[in-house]
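Residues per chain are reported as follows:
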Amino acid sequence: MITAPELEIGVLILGIVILMFEAFAAKMDKHLLAFAGILGLAAVLVASFFVVPSPSSDQATGFWSFYTADSLSIFFKGFALITTILVLIMMIDYAPVLASSVATRNVRSALGEFFALPIFTCAGLMYMASAIDFIFIFVSLELVTISFYVLVSFTRSNPETLEAGVKYLVLSALSTAFLVYGITWIFGATGQTNLERITVVLASSDTDRGAALFGMVLVLVALGFKIAAVPFQIWVPDVYQGAPTPVTAYLSVGSKAAGFIVLLRVLRPFLMFPEMQRLLVLIAILTLIYGNLAALPQGNLKRLLAYSSIAHAGYLLIGVACFDGGAVIFYLVAYLLMTLLSFAVLVIVSQQTGDRISDFDGLGKRSPFLAFAMLIGMVSLAGIPFTAGFLGKFFIFYAAIAQRQLALVVVGVITVACGFYYYLKVIRAMYWQSAATVDKIPVSALSRFAMSALILAIIGLGIYPQPILRALNPPAPVTAAGRSLGHQAAARCLSDFTRQDPIRCEVFLSSDSFNPCVSVDSGVLTHARRLASRQDGTAATAWTKSSKKCETFTNFSVERSAQTMIICR
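Model, not experiment: these values are computed from the prediction.

A. Just the overall build of the protein chain, in detail. Along the backbone of the protein chain there are 21 helices and 4 strands. Of all 569 residues assigned to the protein chain, the portion counted as buried reaches 60%. For the protein chain, the share of sequence-separated contacts (at least 6 apart) that also reach a separation of at least 24 residues comes to 79%. Of the roughly 21900 Å² of accessible surface on the protein chain, a fraction of 66% belongs to carbon and sulfur atoms.

B. Examining the nonpolar core more closely. Counting 187 residues, the largest nonpolar core has Phe76, Ile318, Leu370 and Met451 as the members making the most contacts within it. Per-element accounting of this core gives the leading share, 21 residues, to helix H13 (residues 325–352). If we skip the residues at most four places from it in the chain, Met451 touches Leu341, Ala344, Val345, Ile348, Phe369, Leu370, Ala373 and Val443.

C. Quick peek at the pattern of salt bridges. One pass over the structure, following the stated rule, counts 6 salt bridges. In this structure, Arg265 and Asp70 form a salt bridge, with 3.2 Å as the shortest nitrogen-oxygen distance. Highlighted residues: Arg265 in helix H10 (residues 245–267) and Asp70 in the loop between helix H2 (31–48) and helix H3 (71–101), separated in sequence by 195 residues. The exposure classification of Arg265 matches that of Asp70, with both residues buried.

D. Fine view of a nonpolar patch on the surface. On the surface, a cluster of nonpolar side chains totalling about 350 Å² of accessible area is made up of Ile9, Ile13, Val17 and Phe21. Mapped onto the elements, Ile13 comes out in helix H1 (residues 4–24).

E. Highlighting helix H16 (residues 388–402). Across its 15 residues, H16 extends 21 Å between first and last C-alpha, which sits within 8% of the 21 Å expected from 1.5 Å per residue. Of the residues making up H16, those classed as buried are Ala388, Gly389, Leu391, Gly392, Lys393, Ile396, Phe397, Ala399, Ala400 and Ala402. Arg404 occupies a position one or two residues after H16 and carries a positive phi of about 60°.

F. Focus on helix H12 (residues 301–321). The end-to-end C-alpha distance of H12 is 30 Å, a good match for the 30 Å that 21 residues give at a rise of 1.5 Å each. A large share of H12 lies buried, amounting to 21 of its 21 residues. Remark: Phe323 follows H12 within two positions and exhibits a positive phi of approximately 60°.

G. Fine view of the environment of Lys256. Along the polypeptide, Lys256 turns up in helix H10. You can call Lys256 buried: its relative accessible area is 1%. In this structure the C-alpha to C-alpha distance between Lys256 and Ser309, which are 53 residues apart in sequence, comes to 8.9 Å. Once residues lying within four places of it in the same chain are set aside, the contact partners of Lys256 are Lys226, Ile227, Ala228, Leu251, Ser309, Ala313, Leu316 and Tyr335. In terms of polar contacts, Lys256 uses its side chain to reach the backbone carbonyl oxygen of Ile227, at 2.9 Å.

H. Structural view of the side chain of Asn194. In this fold, Asn194 is placed in the loop between helix H6 (159–190) and helix H7 (195–203). Side-chain polar atoms of Asn194 contact the backbone nitrogen of Glu196, separated by 3.0 Å. Only 3.2 Å separates the side chain of Asn194 from the backbone nitrogen of Arg197, close enough to count as a polar contact. Ignoring anything within four residues of it in the chain, the contact list for Asn194 reads Ser65, Ile132 and Asp133.

I. Up close: the packing of helix H15 (residues 368–382) against helix H17 (residues 406–432). Closest axis-to-axis distance for the H15/H17 pair is 9 Å, and the angle between their directions is 170°. With respect to H17, the axis of H15 lies roughly antiparallel. Where H15 abuts H17, its residues Ala371, Phe372, Met374, Leu375, Met378, Val379, Leu381 and Ala382 lie against Val416, Phe420, Tyr423, Val426, Ile427, Met430 and Tyr431. Class assignment for the residues of the contact of H15 with H17 results in 15 nonpolar, no polar and no charged.

J. Fine view of the packing of aromatic side chains. For the structure shown, the criterion picks out 22 aromatic pairs. On the numbers, 4.8 Å between centres and 75° between planes, the contact of Trp185 with Phe214 is edge-to-face. Taken together, the residues Trp185 in helix H6 and Phe214 in helix H8 (residues 209–227) connect sequence positions 29 residues apart. Looking at Phe214, the relative accessible area reads 38%, which means it is partly exposed. Taken together, the ring pairs in this structure connect Tyr149, Tyr168, Phe225, Trp235 and Tyr240 into an aromatic cluster. Above the plane of the ring of Tyr315 lies Lys393, whose end atom (NZ or CZ) is 5.0 Å from the centre. One Lys or Arg, Arg448, reaches over the ring of Phe369 and ends 4.6 Å from the middle of that ring.

K. Broad picture of the environment of Pro118. Structurally, Pro118 is set in helix H4 (residues 107–130). On the basis of relative accessibility, which here comes to 0%, the residue Pro118 falls in the buried class. Spatially, the C-alpha atoms of Pro118 and Val247 are 8.7 Å apart, while their sequence positions differ by 129 residues. With residues near it in sequence (within four places) discarded, Pro118 still touches Thr84, Leu88, Met91, Leu151 and Tyr250.

L. Structural detail: the side chain of Gln405. Mapped onto the elements, Gln405 comes out in the loop between H16 and H17. A relative accessible area of 17% places Gln405 in the buried class. Not counting residues within four places of it along the chain, the set of residues in contact with Gln405 comprises Gln277, Val281, Cys322 and Ala400.

M. Layout of unusual backbone geometry. With an omega of 10°, the peptide bond between Val230 and Pro231 qualifies as cis. Tracing the chain through its elements places Pro231 in the loop between H8 and helix H9 (236–242). Phi angles above zero are rare outside glycine, and Ala228 is one such case at about 60°. Summarising the element assignment, Ala228 is placed in the loop between H8 and H9. Positive phi, normally seen in glycine, also occurs at Phe323, with a value near 60°.

N. Broad picture of the environment of Leu375. Assignment of secondary structure puts Leu375 in helix H15. As for Leu375 and Leu424, which are separated by 49 residues in sequence, their C-alpha atoms are 8.8 Å apart. Residues contacting Leu375, with those up to four places away along its chain left out, are Ile427, Met430 and Tyr431.

O. Quick look at the packing of H13 against H15. For the pair H13 and H15, interaxial distance at closest approach is 8 Å and the crossing angle is 145°. Relative to H15, H13 is oriented so that their crossing is left-handed. Residues Met338, Thr339, Leu341, Ser342, Val345, Leu346, Ile348 and Val349 of H13 lie in contact with H15, whose contacting residues are Leu370, Ala373, Met374, Ile376, Gly377, Met378, Ser380 and Leu381. Within the contact of H13 with H15, the residues separate by chemical class into 12 nonpolar, 4 polar and no charged.

Reading the values: rules and limits
- Residues numbered from 1 in each chain as written.
- Predicted model: local features only at pLDDT ≥ 70, side-chain atom pairs only at ≥ 80, totals over all residues.
- Heavy atoms only, no water.
- Helix = DSSP H or I, 4+ residues; strand = E, 2+ residues; numbered from the N terminus.
- Buried < 20%, exposed > 50% of the residue type's maximum accessible area, 1.4 Å probe, protein only.
- Contact = heavy atoms within 4.5 Å.
- Areas by Shrake-Rupley, 256 points an atom, 1.4 Å probe, with all protein chains shown as cover.
- Core = buried A, V, L, I, M, F, W, Y, C linked by side-chain atoms within 4.5 Å.
- Salt bridge = Lys/Arg side-chain N within 4 Å of Asp/Glu carboxyl O.
- Patch = residues over 30% accessible without salt bridge, like charges linked within 9 Å, V, L, I, M, F, W, Y side chains within 5 Å.
- Expected span 1.5 Å × (residues − 1).
- Polar contact = N/O pair within 3.5 Å; in protein donor to acceptor, adjacent residues only side chain to side chain.
- Axes fitted to C-alpha atoms, helices over the stretch in contact; angles between N-to-C directions.
- Parallel < 35°, antiparallel > 145°, perpendicular 65-115°, else oblique.
- Nonpolar A, V, L, I, M, F, W, Y, C, P; charged D, E, K, R; others polar.
- Phe/Tyr/Trp six-rings, centres within 6.5 Å; stacked < 30°, edge-to-face > 60°.
- Lys NZ or Arg CZ within 6 Å of the ring centre and 35° of its normal.
- Left-handed = near helix turned anticlockwise from the far one by under 90°.

Below, the structure is given as C-alpha cells:
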C-alpha cells in the first residue's frame, strides 16, 4: 500500500536525480530531463490514486501532528502534480528563449536547472496541502517561495525579469515576516501551533481571543500576498509580466491554489469569530472591484492575465467567506484548466510575435488550432455557459445566495460583466483583426496533445461536472472542514452564554458540503450544559430528529429568553 508521505518523497528524489544528471551529464540533451520529469511526475500522479485517505487524529504526536493525509490533501497533491506536468510542457516550448535571455555561457546547464526547480516547487505545494500545523505550513511555504525566487528571475539578462525578481523577493520576505509574527501571537494566546488543538483551545472561555484574532489577521495578510488579494496584490502585475511565461503560469495557478488550501485550513479555528467573516467579505469585494477594473485598459496579455488572476482570487474568496469548500475546490480546478490553456498558447505565440493583445491579430488564420484553444480559455475565464468557468462561478454565487451575502452577489455579477469586455478583446483580435504576417506558427505534438486535453476538460466539466463532485463524495475534503465549521459555529453560539446575552444564533448552510449539524456531538452538548448550568442554573436541552438534511436539531433554552439554535436547512 502507498502512503501519502511517499508521494512527496518520490517527487523530491526525482528532483534530486534530475539535478545530478544536470550536473554530471554535461553532454546530455537537457530536454530529456524535462521529459524525465514529466514521466516521473505522471508516475507519482498515478500512485496518488492508490493512497487511502486517513483523517488526522487530535492525539497524533511527532510528525503526524504536523501532517494529514485526508482526502482534501490527496486531492490537491494531484492538483499540484498536474499543474507541474503542464508547466514542464510549457517550459519545453519556452526553452529557445533561454538562449538569448540567460547571462551564462553554458545555456544547457541553465536549461537543466530550469526543468528541475519546478519539481522541488511541486514538493512544497504537496506538503502545503497536508500541513495542519503552523510550523509545517511555514516550512513548506518557504520551500515553494524560495524556488519561485529563482524561477522568477531566471532570465536575468532581461531588465524586466530582474525587476520582477527583486519585487517578488522583497515583498515575499515582508509577507513571511507577517506570517511568523502572526503565528507568534496565536501561539502566545493559545499555547498551540496545531490547528485542531487551536480550535479546541479557542472554544474555551479562558483564551485571550483578542490576541488570537490579531494573530490571525497577521496570518491573513501573509496569505493575502500568496493569493493576490487586495490590498496585498501590488506585486502581481510587474512580477507576472517580467517573469518567464511558464513561471507566470505556475505562479498564477500553483501558488494561488496552495495559498487557498492553506487559507481554508487556518481559517477553520477562527470561524467562530464574526469579525473574521466580515473581514473576508470586505477583502473579497475589494479584490473583485480592483482586479476587474484594472484589467479593462490593459493591452499586454500577460498583464491582463495578471489582473485577471486578482479578480479570480476575489471569486474564490466569495466561496471562502461563505464557508463553501466544495465551490472553492471546483473553481480552483476550473481555474487551473482555463489559465494554463491560455498561458500555453501565449508561450508559443509570444515567441513569434509578442505578448501584446495586438500581436494576436489574425491568429485565427495563421494558426486555427491555437486560436481555438485561446478562444476556449477566454470564454471559460469570462464564464460563458457550457464551460468549467461558468459552473465555477455558478457554484460560488449559489453559495453566496445561500448565505444571504447579497453584497457579494451584486458585486460579483457586475464584475463578471466587466470580465466579458477584456476577455472578448482577445477574441476580437484573433478573429476580426487582420494579421501583419501570415506565417504559420508550428506547434509540437506534445503541446498540441496537452492543449487538446485541456480543451476537452474545460468543455467536459462545463457540461458534466460530476467527476470533480464525485471526487469529493464522500466529501471528506470538505466533510472535515464542515465538521469543524459546525463545531466552531456551536462554540461561537455557546460562547454567548458566558456573557449572558439574549441572542439567537443561526447558521444556515444549504450546501451539502458543509453540514454543521453532524458535528454537534456529545462533547459539544456537554460543553453546552456546563456553560448553561454555570451561567443560568438551567440546562434544558431537547434533541429532535430533522426531516431534512440535518441528523440532529438542537435548541438550548435558558433564562432571559436567550436562545441558541444551530439549524441546517
